Amino acid sequence: MMDRIAKSDLAPPERPDTEDVPTERLLSLTQGLSRTLALAGGFLILGAGALVAVEIFARKVLGGSTGIADELTAYALAIGSTMAFPYCLVERGHIRVDSVVRFLPRPLRTALDLLALASITGFFAVVAFHAAETALVSFERGARAVTLLQTPLFIPQGIWALAYVIFVLTGIAIFLVAVSRLIRRDPKGVKSLIGPRSGKDEAEAHL
Amino acid sequence: ADVTLRVVGQPVQNILYTQGETPFFAETLPALSDGRIAAELISAEQLGLSGGEVTRMLSNGAIEFGSGGLNQAVGDAPRFEGCDLPGLTGTLEEARAVCDAYRPVLEKTLEEDFGIKLLALAANPPQAIWCSDPVSGLDDIRGRKIRIFGQALTDFVNGIGATAVAIPYADVVPALQNGVIDCAITGTLTGNTSKWFEVAGYLYPMSLGWAVQYWGVNLDRWNALSEDQQELIEAAYADLEPVLWDLAARATAEGIACNSGEGPCELGIEADMTVVEISEADAETRTAVIRDSILPAFAGRCGADCVADWNDTVGKATGFELAAE
Amino acid sequence: MIQVTIILLLVLVGLSLPVAAAMGLLGLALTESYSFLPLASAMGDMAWSTSTKFILLAIPLYILMGEILLRAGVADRMYGAMEAWMSWLPGGLMHSNFAFSGIFAATSGTSVATAATVGTVAIPQIEKQGYNRSLFLGTLAAGGTLGILIPPSTNMILYGLLTETSIPRLYLAGFLPGLLLVALFIGATLMICWLVPGTRGTRTRHGWSERFRTLPSLIAPLVIFLLVVGSIYAGIATPAESGALGLIAALGMAWKNRRLNWPMLCEALLATMRTTAMSMALLVAAYFLNFVIGSIGLTARINQLIVDLDLTPYALLLVVVVFYFVLGMFMDTLTMMVATIPIIAPSIFAAGFDPVWFGVLMMILIEMAMITPPVGLNLFVIQGIREEGEISEVMIGALPYVFTMLAFIILITIFPQIVLFGPDLLSN
Ligand code: NA
Ligand code: NA
């Protein structure tokens, strides 16, 4: 059941020979890693939910406040959601408007699929650079959160920036796999890897 | 114009923006320079900034000219809140005098640590406590749940024996109404224009800070200007500063007048709140909380050099003294 | 500058680049062309402050709650109850679909989860009872949209964040219009069944005792609604926090129905995180773009342009509604919100419209966008569930409800009290 989600239609089973291609091994590694990271991020969010419940209990029943819930949950949200970026990319979860390009010839659409992947990887590479910069500035200034914990900000920001870097590496890995499939004349494989999601994919993701 | 300044300003509803920055950048500055200097002003709010990011962006050059709250930058440099700690100063005049005394410290921190040139300082109406249930003094507030923002206010609220709760500004009205919180802290005029008086009948106007703002320019951008331009802009900001303080004084007066429904009210909405008188005993409590909670915590955050600087400036102006850790 | 920006955005989005990338790259391109300041340096601090906004925690919590409820086995019995109560009307189960959607919407923060749930339980019924397939599918797609109008609602959270509007007030404002829209949907369906032959399907009657026996299945949604929405007004939790209570209840129900296990939890978490990551990427890019277009003076120009048009408030409103209607045909709704609200909302508020009222209008516009062709998420979801036939069937079936929503927009414009009654109750 879990496998259905992880692999979905990324690795068509009718081509057993792909096992030997290095880029396909890279792909399954990327898929596994991204899924693990997203799950970890999910548990961070789940933990944040639990902490919020503790805070409500503390306030309503004990008449106090943990004083740390809003800060820690904010970090969990930033880090957890960014940790899921690679998985979202692997699952082709980013919104693309293909109303126009769906009428273009196949090779052109493949080129656009590659461009789409390059664009999101490229933009978030810029974000990753500046996220790292933010963490670094926090480190140099000794910046601390203005909260009870006075958390040194470079710690959560550093982890967060690292998640962005992993996203960029994921983008590069998928790009390599797509190009390799293109060279091996496997347009279907390219489409299932980086093509826009169909309505059916969309529904499946929510079921 | 020879040069057009890109300026990031105060929140759009704020009098410092509407009657201070807007006419200054649209008319005063161009007039003073015979049209050689123009400016395009936009509120930080319209840029999607919550205010805390402005200092870092002035520092890295993403913002050229801008203004931001000192309290919003304390994470990067604890010194920033030195002249605006909760309850440190009782009146706006006092706050102005104390921040003037502290100016060299701010100037140095901004320039050396952040690459920002300080151009002006000003403030807002006081941060006061708004409560839904009757209040006659600090004693009544003990044990209540109070919406705060920032650690210094948490220190103060804990210092008077209340519980600090962090919730977003937009949710304060329903939270006050249904009892998630009993009281909330914000500026007397800000809360008024957000209609807090509809759910909070009691205003306890002890100032817990003045949301002191600084106006500055990225140093690289500043150095790219000619000497003439620099002189002109610096002089213009020096003229702007008293205007801003006057606006703050007017807003402070109206903050009380609007909420109580007594006196002229043009900037806010006339309401019918009970504005509590601050007793002698409460003033003493305030001094004790500052001395025993706020200042030691500040000294701990700020470090030894900062303590020395503070004692030389704010300490002399207020009569308090920080002990180094 | 305005033309260049719009054309560039259309080209980038039209080329089917991911919308987050299109917005971000547009921001970088505008910086290169129109700014002498290194605006990209703002990205790190902006992205951090966007990603750490406490209120945004509500989004993954609501989504996770929905994903778990979807798998918790509460929907089937709920649908049975709606069938017992509603299917005697001409049009039979189609009314049950709307009633179910309305009730499920009160436990779900998104329209997609609502549509997916109602679609899963209802689609097997189509063939059984001889309905007009197209119309039946349309009721599912349209009913699903209620998920964001009836609280809780992730889209209202986003709107509240982008416009600094109180979320509890928005929630109260959405409630009555939500119920009214359910009634209008049911009314429109009755009218179609009356006018168009062959659409009525099979009417079934259930005795009163049978009806009352189904009521316990409504306890689950009631508990979730009371925890997530009720807790806000009972003074227990803030909107950002309330999702945590609903999440715990949803986990409890799944556990009670013996559906809670490790693979199920992993699936729910992964589906949640995929949507959360997508939303966060979009928000980070949108905040950056908004910063750039503000910094280069474009926001000021657009505002000036709107002022120069010198429209009356209602003319301005009409322009905005038409704009969103057209945009909503082609664009994803989340994108539509984050890309346009920061620019359009201030003008609307300046024209004297209430932010809470406009928020509800916005929700209805978004609901409409979800079922207008060619790009409508709910159409895709319903089509995806049935796995056969042409999507055009769903599109045509949903059209009557697009017109119903348009009529509803006119109604709340003439009678804004429908929206403001709830929040006014709060302030008196
Ligand atoms: Na809902
Ligand atoms: Na649409």
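About the cut-offs
Residues numbered from 1 in each chain as written. Chains lettered and ligands numbered in written order. Predicted model: local features only at pLDDT ≥ 70, side-chain atom pairs only at ≥ 80, totals over all residues. Heavy atoms only, no water. Salt bridge = Lys/Arg side-chain N within 4 Å of Asp/Glu carboxyl O. Helix = DSSP H or I, 4+ residues; strand = E, 2+ residues; numbered from the N terminus. Buried < 20%, exposed > 50% of the residue type's maximum accessible area, 1.4 Å probe, protein only. UniProt positions renumbered as here; feature names shortened; annotations may be inferred. Donors = N, O, S within 2.8 Å, 3.2 Å for Na, K, Ca; no water. Contact = heavy atoms within 4.5 Å. Buried area = accessible area lost by both parts, 1.4 Å probe. Nonpolar A, V, L, I, M, F, W, Y, C, P; charged D, E, K, R; others polar. Pairing = 2+ DSSP bridges. Axes fitted to C-alpha atoms, helices over the stretch in contact; angles between N-to-C directions. Core = buried A, V, L, I, M, F, W, Y, C linked by side-chain atoms within 4.5 Å. Right-handed = clockwise from strand over helix to strand, strands pointing away. Patch = residues over 30% accessible without salt bridge, like charges linked within 9 Å, V, L, I, M, F, W, Y side chains within 5 Å. Areas by Shrake-Rupley, 256 points an atom, 1.4 Å probe, with all protein chains shown as cover. Lys, Arg positive; Asp, Glu negative; His and termini not counted. Charge placed at Lys NZ, Arg CZ, Asp CG, Glu CD. Disulfide = S-S within 2.5 Å.

**Some details on the pattern of salt bridges**
Considering all chains together, one arrives at 25 salt bridges over all chains under this definition. Among the salt bridges present, the one from R106(A) reaches D113(A), with a minimum N-O distance of 3.8 Å. Linking R103(B) and E241(B) is a salt bridge whose minimum nitrogen-to-oxygen distance equals 2.6 Å. One end of the pair, R103(B), is in helix α3 (residues 92–114); the other, E241(B), is in helix α9 (residues 227–260), and 138 residues separate them in sequence. Here R103(B) and E241(B) have matching classes, each one buried. One salt-bridge network, in which partners are shared between bridges, spans R141(A), R56(B), D76(B) and D45(C).

**A closer look at the UniProt feature "transmembrane region" (unreviewed entry) in chain A**
The UniProt entry lists residues 37–57, 72–90, 111–132 and 159–183 of chain A under the feature "transmembrane region" (unreviewed entry), expressed in the numbering used here. Helix makes up 100% of residues 159–183 of chain A and strand makes up 0%, while its end C-alpha atoms are separated by 36 Å.

**Re the coordination of the sodium ion (ligand 1)**
Residue and element names in this part refer to chain C. Binding of the sodium ion (ligand 1) to the protein goes through A105 (O), S108 (O), G147 (O), I150 (O) and P152 (O), at separations of 2.2 to 2.3 Å. Sequence spacing among the residues donating to the sodium ion (ligand 1) works out to A-x2-S-x38-G-x2-I-x1-P. In this structure, I150 and P152 share a single accessibility class: buried.

**Describing unusual backbone geometry**
In this structure, the amide linkage connecting P151(C) to the following residue, P152(C), adopts the cis form with an omega of 0 degrees. In this fold, P152(C) is placed in the loop between α9 (133–145) and α10 (154–163). Of note, A211(B) is a non-glycine position whose phi angle comes to about 45 degrees, a positive value. Note on placement: A211(B) falls in the loop between β9 (202–204) and β10 (213–218). With relative accessibility at 18%, the residue A211(B) sits in the buried group.

**Quick look at the interface of chain B and chain A**
The interface is formed by 17 residues belonging to chain B together with 17 residues belonging to chain A. Carbon and sulfur atoms make up 49% of the area that chain B and chain A hide from each other, which totals about 1,300 Å². Of all residues in chain B, the largest losses of buried area upon contact with chain A belong to R56(B), G75(B) and Q151(B), amounting jointly to 37% of the total for that side. Seen at the junction of chain B and chain A, the total is one salt bridge. Among the elements of the structure, α2 (54–60), α3 and β7 (163–165) of chain B are those that each provide at least two residues to the side of chain B that touches chain A. Residues that form the side of chain B that touches chain A fall into these classes: six nonpolar, six polar and five charged.

**A few points about the interface of chain C and chain A**
Residue-level contacts link 72 residues of chain C with 69 residues of chain A. Summed over both partners, the interface of chain C with chain A buries about 6,000 Å², with 77% contributed by carbon and sulfur atoms. In terms of surface lost to chain A, no three residues of chain C exceed W48(C), L270(C) and R274(C), which account for 14% of the buried area on that side. If you look at where chain C meets chain A, you find one salt bridge.

**Focus: the sheet that holds strand β1 (residues 3–9) of chain B**
All names here are of chain B. On the basis of which strands lie adjacent, the open sheet formed by five strands has the order β2-β1-β3-β10-β4 and mixed pairing. Only two strands of the sheet have a single neighbouring strand rather than two, namely β2 (37–43) and β4 (116–122). Taking the axes of each pair of neighbouring strands and ignoring which way they run, one obtains an average angle of 25 degrees across the sheet. Sheet topology note: the β4/β10 ladder contains six bridges and is antiparallel. Following the sheet pairing, A120 is matched in β10 by W215.

**Describing the nonpolar core**
Residues F124(A), F65(B), W310(B), I68(C) and F291(C) are the most contacted members of the largest nonpolar core, which totals 315 residues. By residue number, the principal contributor to this core is helix α15 (residues 262–295) of chain C, which donates 22 residues. Residue contacts for F65(B): discarding those within four places in its chain leaves L5(B), R6(B), V7(B), V8(B), L58(B), L119(B), G216(B), V217(B), W222(B), L225(B), I233(B) and Y237(B). Ranked by size, the runner-up nonpolar core spans 18 residues in total, among them I167(B), I181(B), V199(B) and L203(B).

**Quick notes on the pairing of β2(B)**
All names here are of chain B. The pairing of β1 with β2 spans seven bridges and is classified as parallel. Bridged to T4 within β2 is A38. The parallel pair β1 and β2 is bridged by helix α1 (residues 15–32), and the resulting crossover is right-handed.

**What about the sheet that holds strand β5 (residues 127–131) of chain B?**
All names here are of chain B. A sheet is described by the order of its strands in space; here six strands give the open sequence β7-β6-β8-β5-β9-β11, paired in mixed fashion. Strand pairing shows two members of the sheet lacking a second neighbour, β7 and β11 (274–275), which therefore form its edges. Relative to strand β8 (residues 183–187), strand β6 (residues 145–147) runs parallel, the two being bridged by two bridges. Of the residues in β8, the one forming a bridge with R147 is A184.

**Section: a negative patch on the surface**
Residues and elements named next belong to chain B. Taken together, E107, E111, E112 and D113 make up a surface patch of like negative charges. Relative to the helices and strands, E107 resides in helix α3. We classify E107 as partly exposed; its relative accessible area is 35%.

**Some thoughts on the state of the cysteines**
Following the criterion strictly, the structure yields four disulfides over all chains and no others. Note that C131(B) is cross-linked by a disulfide to C183(B), the S-S spacing being 2.1 Å. Between C131(B) and C183(B), the S-S torsion sits near 105 degrees, and that sign places the bridge as right-handed. With C131(B) in strand β5 and C183(B) in strand β8, this pair connects stretches of sequence that are 52 residues apart. Under the relative-accessibility criterion, C131(B) is labelled buried at 0%. For C183(B), a relative accessible area of 0% translates into the label buried. A sulfur-sulfur distance of 1.8 Å marks the disulfide that ties C302(B) to C306(B). Disulfide C302(B) to C306(B): torsion about the S-S bond roughly 80 degrees, handedness right-handed. Judged by relative accessible area, C302(B) falls into the buried class, the value being 14%. Unpaired in terms of disulfides, C266(C) finds its nearest cysteine sulfur in C88(A), a separation of 18 Å.

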